[in-house]
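Descriptive analysis of the structure
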Amino acid sequence: MFVSGYVYRLLRARARGLGIRWSGLMVLVDLDLLGPTEQRTLVEIERVRGSTMTVLLQDLERRGWVEREAHEGDARVTRVMVTASGRTELRRAGRLLRDHLDAELSGLPGKVLRDVAAALKPLSSALMQKSAGAG
């Protein structure tokens, strides 16, 4: 747990250094994985207040990374989509964060890294299924 907390803080700080909020990066990941998603679903997945998500999405929209559209029948329902520019930024940030993490972990033996990666696959799958089911 301490290791995962360390890695999380390390990557979060690095993302901040790239000029992107961690929560914004996570929303881009959600949208990339799930496709167009209702704003309230993103609120549930990211466990933030609706007003917090609105401000976050306004920032991402200003940067051209997401688009929002109101539901035809109910203007209170907003669907959010990642743009091509948002996907490009997500890939760029992902590469930079992976490179940074690789540098931090470079001293570990390859077998240890492979074992950790193998152990995390089922957890990652379970979390993705749970997130997809929340929508």
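Parameters and conventions
- Residues numbered from 1 in each chain as written.
- Predicted model: local features only at pLDDT ≥ 70, side-chain atom pairs only at ≥ 80, totals over all residues.
- Heavy atoms only, no water.
- Helix = DSSP H or I, 4+ residues; strand = E, 2+ residues; numbered from the N terminus.
- Buried < 20%, exposed > 50% of the residue type's maximum accessible area, 1.4 Å probe, protein only.
- Contact = heavy atoms within 4.5 Å.
- Pairing = 2+ DSSP bridges.
- Axes fitted to C-alpha atoms, helices over the stretch in contact; angles between N-to-C directions.
- Expected span 1.5 Å × (residues − 1).
- Arc of directions from axis to C-beta.
- Core = buried A, V, L, I, M, F, W, Y, C linked by side-chain atoms within 4.5 Å.
- Salt bridge = Lys/Arg side-chain N within 4 Å of Asp/Glu carboxyl O.
- pLDDT = per-residue confidence, 0-100.

Once that is clear, we can look at the overall build of the protein. Looking only at helices and strands, the protein has 6 helices and 3 strands in total. Dimensions of the protein, computed from the C-alpha atoms along their principal axes, are close to 55 × 30 × 25 Å. Here the protein, with 135 residues, has 30% of them falling under the buried criterion. The long-range fraction of contacts in the protein, counting pairs at least 24 apart against all pairs at least 6 apart in sequence, stands at 52%.

Pairing is antiparallel in the open sheet, where 3 strands are placed in the order β1-β3-β2. Every other strand in the sheet has two partners, leaving β1 (37-38) and β2 (66-70) as the edge strands with one partner each. Against the sheet, helix α2 (residues 22-34) touches β1, β2 and β3 (78-82), its axis set at about 90 degrees to β3.

This paragraph deals with helix α4 (residues 50-62). Between the first and last C-alpha of α4 there are 18 Å, a value that for 13 residues agrees with the 18 Å anticipated at 1.5 Å per step. Among the residues making up α4, those that are buried are Met53, Leu56, Leu57, Asp59 and Leu60. Viewed along the axis of α4, the buried residues span an arc of 155 degrees, placing them on a single side of the element. Summarising the geometry of α4, the exposed residues directed more than 90 degrees from the buried face are Ser51 and Arg62. Tucked inside the fold, the buried residues of α4 contact α2, α3 (39-46), β2 and β3. Backbone geometry just after α4 places Gly64 at a positive phi near 80 degrees.

Time to look at helix α5 (residues 84-105). Across its 22 residues, α5 extends 31 Å between first and last C-alpha, which sits within 8% of the 32 Å expected from 1.5 Å per residue. Those residues of α5 lying buried are Gly86, Glu89, Leu90, Ala93, Gly94, Leu97 and Leu101. Viewed end-on, α5 has its buried residues packed into an arc of 135 degrees, placing them on one side of the element. Residues of α5 that are exposed and point over 90 degrees away from its buried face: Ala84, Thr88, Asp99, Asp102 and Ala103.

What follows is about the nonpolar core. Grouped together as the largest cluster of nonpolar side chains are 24 residues, with contacts concentrated most on Leu25 and Val27. Those elements that provide at least two residues to this core are α1 (2-17), α2, α3, α4, β3 and α5. Considering every element that reaches this core, the biggest residue donor is α2, with 5 residues.

What the rule picks out here adds up to 9 salt bridges. Among the ionic pairs, Glu61 bridges to Arg68, the shortest N-O distance being 3.0 Å. Looking at Glu61, the relative accessible area reads 31%, which means it is partly exposed. Across the pair Lys111 and Asp115 runs a salt bridge, and its minimum N-O distance is 2.8 Å. One end of the pair is Lys111 and the other is Asp115, both in helix α6 (residues 110-134) and 4 residues apart, which spans about a single turn. Bridged by salt links that share partners, the residues Asp32, Arg87 and Arg91 form one connected network.

For residues with low pLDDT, the predicted coordinates do not support detailed interpretation. The share of residues in the protein with pLDDT of 70 or more is 92%, and the mean pLDDT across the chain is 86. Looking across the protein, the model is least confident in α6, with a mean pLDDT of 75, and most confident in α4, with 95.

A few words on the environment of Pro122. As for its position among the elements, Pro122 is in helix α6. Residue classification places Pro122 among the exposed residues on the basis of a relative accessible area of 53%. A C-alpha to C-alpha distance of 21 Å links Pro122 and Leu105, two positions 17 residues apart in sequence.

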